[in-house]
Amino acid sequence: MNNDSLLFPSPLIPPSRPEIIQSLIDGVDRYNPDNVSILEEYLAVQLQNEEYDLMANLAILKLYQFNPHLVNEIVIHNILVKALTAIPNPDFNLCLYLLQEGALNDENVAKLITLQQLLEQARYQEFWDSFEKDEAYKELASEAIGFENAIRKVIMTAICMTYQSISADLLRSYLNFTNDDDEFESYIKSRELTIKDDVVIIPTNYDNEAKPTVIRENIKFEQLTKVIGYSNEL
């Protein structure tokens, strides 16, 4: 059985993971510093092909942790950028836990942490405002092909878990489609959602469905006799 199947749900094991990467993750070779370049090259493939492999990226950070002379700041930034696209999974924090203090004090890492907080706090308009107005953010995400669409997917997942309907204008701002109605409508259709009277209708699912709350109070017979006894004394 694969180690990562014990730690993470199977969807986090990408079907495109090469055998050589699988062998590195499963075996003792994952701690061999000579293999860091192989894992870094695999990260480059993820960035270009819109793929994501958490365990492989954590293996890079673990090697950096044991071998500080191997640290590549750009690689760290790219790993964190990819981890943003996995929210609400805890991938971003798992990556942070493996960073040395020096990396945590890095200005670009701090910027990415800001983006993480905005996403996790559902401050989507602020996320896009920060991303659009500061070129440093775009530069950080420049190697990750499809980054903006991946973030839209993160946001739509949260919206579909929360709402059964939402204002089209509000959702348009959440997804950063404020200047392109056609692209917004095309995106909504691709998600198999509908727009009616400027409201986006979201099908009922397990997460956004209202669930009745049943409150039960169990009272033992001994407790009831005490209450009755107290009432007789009054």
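Residues numbered from 1 in each chain as written. Predicted model: local features only at pLDDT ≥ 70, side-chain atom pairs only at ≥ 80, totals over all residues. Heavy atoms only, no water.

## Let's talk about the overall build of the protein
1) Next: Check the secondary structure of the protein and you find 14 helices and three strands.
2) Next: Taking all 234 residues of the protein together, the buried fraction comes to 38%.
3) Next: Of all intrachain contacts in the protein linking residues separated by at least 6 positions in sequence, the fraction that spans at least 24 positions is 60%.
4) Next: If you sum the accessible surface of the protein, you get close to 14000 Å²; carbon and sulfur atoms cover 51% of it. (Helix = DSSP H or I, 4+ residues; strand = E, 2+ residues; numbered from the N terminus. Buried < 20%, exposed > 50% of the residue type's maximum accessible area, 1.4 Å probe, protein only. Contact = heavy atoms within 4.5 Å. Areas by Shrake-Rupley, 256 points an atom, 1.4 Å probe, with all protein chains shown as cover.)

## Brief notes about the confidence of the model for the protein
As a note on interpretation, predicted positions should not be read in detail where pLDDT is low.
1) Next: Scored by pLDDT, the protein comes out at a mean of 87, with 85% of its residues at no less than 70.
2) Next: Per-element confidence in the protein ranges from a low mean pLDDT of 37 for helix H1 (residues 3-7) to a high of 97 for helix H5 (residues 73-84).
3) Next: Note on residues 1-11: pLDDT under 50 across the span, and 16 contacts to partners over four residues away in sequence or across chains. (pLDDT = per-residue confidence, 0-100.)

## Let's talk about helix H11 (residues 147-162)
Quick reminder: α-helices carry 3.6 residues per turn. Residues three or four places apart thus point the same way.
1) Next: In this model, H11 (16 residues) spans 23 Å end to end at C-alpha, consistent with the 22 Å of a helix rising 1.5 Å per residue.
2) Next: Of the positions making up H11, those classed as buried are Phe 147, Ile 151, Arg 152, Val 154, Ile 155, Met 156, Ile 159 and Cys 160.
3) Next: Elements that come into contact with the buried residues of H11 comprise H5, helix H8 (107-120), helix H9 (124-133), strand S1 (165-167), helix H12 (168-174) and helix H13 (181-190). (Expected span 1.5 Å × (residues − 1).)

## Points about the packing of aromatic side chains
1) Next: Going through the model one piece at a time under the given rule, you end up with eight aromatic pairs.
2) Next: Look at Tyr 124 and Tyr 174: their rings are 5.3 Å apart centre to centre, the planes differ by 75°, and that puts the pair in the edge-to-face class. You can see Tyr 124 sitting in helix H9 and its partner Tyr 174 sitting in helix H12, a full 50 residues away along the chain.
3) Next: Looking at Tyr 124, the relative accessible area reads 6%, which means it is buried.
4) Next: Aromatic ring contacts, followed pair by pair, group Phe 127, Trp 128, Phe 131 and Phe 147 into a single cluster.
5) Next: When the ring centre of Tyr 137 is taken as reference, the NZ or CZ atom of Lys 111 above it lies at 5.0 Å. (Phe/Tyr/Trp six-rings, centres within 6.5 Å; stacked < 30°, edge-to-face > 60°. Lys NZ or Arg CZ within 6 Å of the ring centre and 35° of its normal.)

## Looking at a negative patch on the surface
1) Next: Residues Asp 180, Asp 182, Glu 183 and Glu 185 make up a contiguous surface patch of negative charge.
2) Next: Of note, Asp 182 is situated in helix H13.
3) Next: Owing to a relative accessible area of 61%, Asp 182 belongs among the exposed residues under this scheme. (Patch = residues over 30% accessible without salt bridge, like charges linked within 9 Å, V, L, I, M, F, W, Y side chains within 5 Å. Salt bridge = Lys/Arg side-chain N within 4 Å of Asp/Glu carboxyl O. Lys, Arg positive; Asp, Glu negative; His and termini not counted. Charge placed at Lys NZ, Arg CZ, Asp CG, Glu CD.)

## Quick notes on the sheet that holds S1
Two strands in a sheet stick together by hydrogen bonds in their backbones, pointing the same way (parallel) or opposite ways (antiparallel).
1) Next: One open sheet accounts for three strands, arranged S1-S3-S2; its pairing is antiparallel. Edge positions in the sheet fall to S1 and strand S2 (194-196), since each has one partner strand and no second. Each strand axis lies, on average, 30° off the axis of its neighbour in the sheet, ignoring direction.
2) Next: Bridge analysis of S1 against strand S3 (residues 199-201) gives three bridges, and the strand direction is antiparallel. (Pairing = 2+ DSSP bridges. Axes fitted to C-alpha atoms, helices over the stretch in contact; angles between N-to-C directions.)

## Brief notes about helix H2 (residues 19-26)
1) Next: Turning to H2, its buried residues are Ile 21, Gln 22, Leu 24 and Ile 25. Down the axis of H2, the sector holding all buried residues measures 160°, keeping them to one side. (Arc of directions from axis to C-beta.)

## A short note on unusual backbone geometry
1) Next: Each neighbour pair has its own omega, and for Ile 87 with Pro 88 the value is 15°, a cis peptide bond.
2) Next: Residue placement: Pro 88 occurs in the loop between H5 and helix H6 (91-97).
3) Next: With a phi angle near 60°, Ala 122 is a residue other than glycine that sits in the positive phi range.
4) Next: By the element assignment, Ala 122 lies in the loop between H8 and H9.
5) Next: For Glu 192, which is not glycine, the phi dihedral falls at a positive 60°.

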